[in-house]
Amino acid sequence: MEQFAYVASHDLQEPLRMVTSFTQLLAMKYKNKLDSDADDYIDFIVEGSHRMKDLIDDLLVYSRLNTVKTEYQFSDLDQLLDKVLLGMKNTIVEKHVQIIHDKLPTVRCDSSQLGQVFQNLISNSIKFHETTPKIHISAEETDEEWILGVSDEGIGIGPEHQKQIFDVFKRLHTRKKYPGTGIGLSICKRVVERHNGKIWVESELGKGSSFYFTLPKKSP
Ligand code: ADP
């Protein structure tokens, strides 16, 4: 199944590129020249192909995590977080996002994979907010592990959904209300488990969510 997901998502990229680029050409050349039904149909195809591209790209990232070797090195998570936030600067400024973070540790990890975890959790915290997003990134140390957290004051998640959201394609809202592919948290789960850690959420509907993940100090 894993191999199938990888091959399918990889090999679907090329034909999808073709569909997307010819639909764009079709839209450019014939928009407003046919009847209004035709315009609507063209819009639906363009939207559908963009959505398919997002799904395939995310699925590919997810399935690649099983095939690539995890590259462990010592990484300063403060620096890693700065890098991630720099990449999200436009959204952060546009949405007036307030982010504070504790002093983060240096850990042995695959920094590119862990960067993806921070990026996915932070962009979810920004997305699932109805007011100005406020985010706190925390770090707590025990004898055996680090517990890292991304907390927000957003829409929250009911207790009945808190396990399922880590499954591939599981989403709780329509795409219209909150866009997304439903793969972000499955990627986080896979990365954390590859680092022998655990990931979970503590949340109350309407009050906010805190996503936590552990990184054992005794790294592989
Ligand atoms: P996506 O963000 O593309 O929908 P994810 O796998 O990242 O997919 O998240 C799955 C679902 O979990 C989301 O659709 C949303 O319903 C819920 N969710 C994730 N993060 C949060 C959050 N910070 N606050 C509220 N709901 C969240």
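Novice: Help me out: how do you make sense of the packing of helix H3 (residues 77-87) against helix H5 (residues 111-127) in this one?
Specialist: The geometry of a pair of packed helices is captured by two quantities: the angle between their axes and the separation between those axes. One way to put it is that H3 packs onto H5 with a least axis distance of 10 Å and a crossing angle of 55°. Relative to H5, the element H3 lies oblique. Considering how the two elements wind past one another, H3 and H5 form a crossing that is right-handed. Residues Leu77, Leu80, Leu81, Val84 and Leu85 of H3 lie in contact with H5, whose contacting residues are Ser111, Leu114, Gly115, Phe118, Gln119 and Ile122.

Novice: Where do I start with the environment of Pro159 in this structure?
Specialist: Counting through the fold element by element, Pro159 comes out in the loop between strand E5 (145-152) and helix H6 (184-194). On the basis of relative accessible area, Pro159 is assigned to the exposed category, the value being 68%. For the pair Pro159 and Pro15, spaced 144 residues apart in sequence, the C-alpha separation works out to 41 Å.

Novice: Could you clarify how one ought to interpret the pattern of salt bridges in this entry?
Specialist: Pairing is possible between side chains of opposite charge, provided their charged atoms come close. Scanning the entire structure with this criterion turns up eight salt bridges. A salt bridge links Lys31 to Asp43; its shortest N-O distance comes to 3.2 Å. Here the residue Lys31 occupies a position in the loop between helix H1 (2-30) and helix H2 (36-67), and Asp43 occupies one in helix H2, the gap between them amounting to twelve residues. Owing to a relative accessible area of 31%, Lys31 belongs among the partly exposed residues under this scheme. Residue class for Asp43 comes out partly exposed when judged on its relative accessible area of 34%. Note that Glu141 and Lys217 form a salt bridge whose closest N and O atoms lie 2.6 Å from each other. Linking Glu141 in strand E4 (residues 134-141) with Lys217 in the segment after strand E7 (208-216), this pair joins segments that are 76 residues apart in sequence.

Conventions adopted
- Residues numbered from 1 in each chain as written.
- Predicted model: local features only at pLDDT ≥ 70, side-chain atom pairs only at ≥ 80, totals over all residues.
- Heavy atoms only, no water.
- Axes fitted to C-alpha atoms, helices over the stretch in contact; angles between N-to-C directions.
- Helix = DSSP H or I, 4+ residues; strand = E, 2+ residues; numbered from the N terminus.
- Parallel < 35°, antiparallel > 145°, perpendicular 65-115°, else oblique.
- Left-handed = near helix turned anticlockwise from the far one by under 90°.
- Contact = heavy atoms within 4.5 Å.
- Buried < 20%, exposed > 50% of the residue type's maximum accessible area, 1.4 Å probe, protein only.
- Salt bridge = Lys/Arg side-chain N within 4 Å of Asp/Glu carboxyl O.

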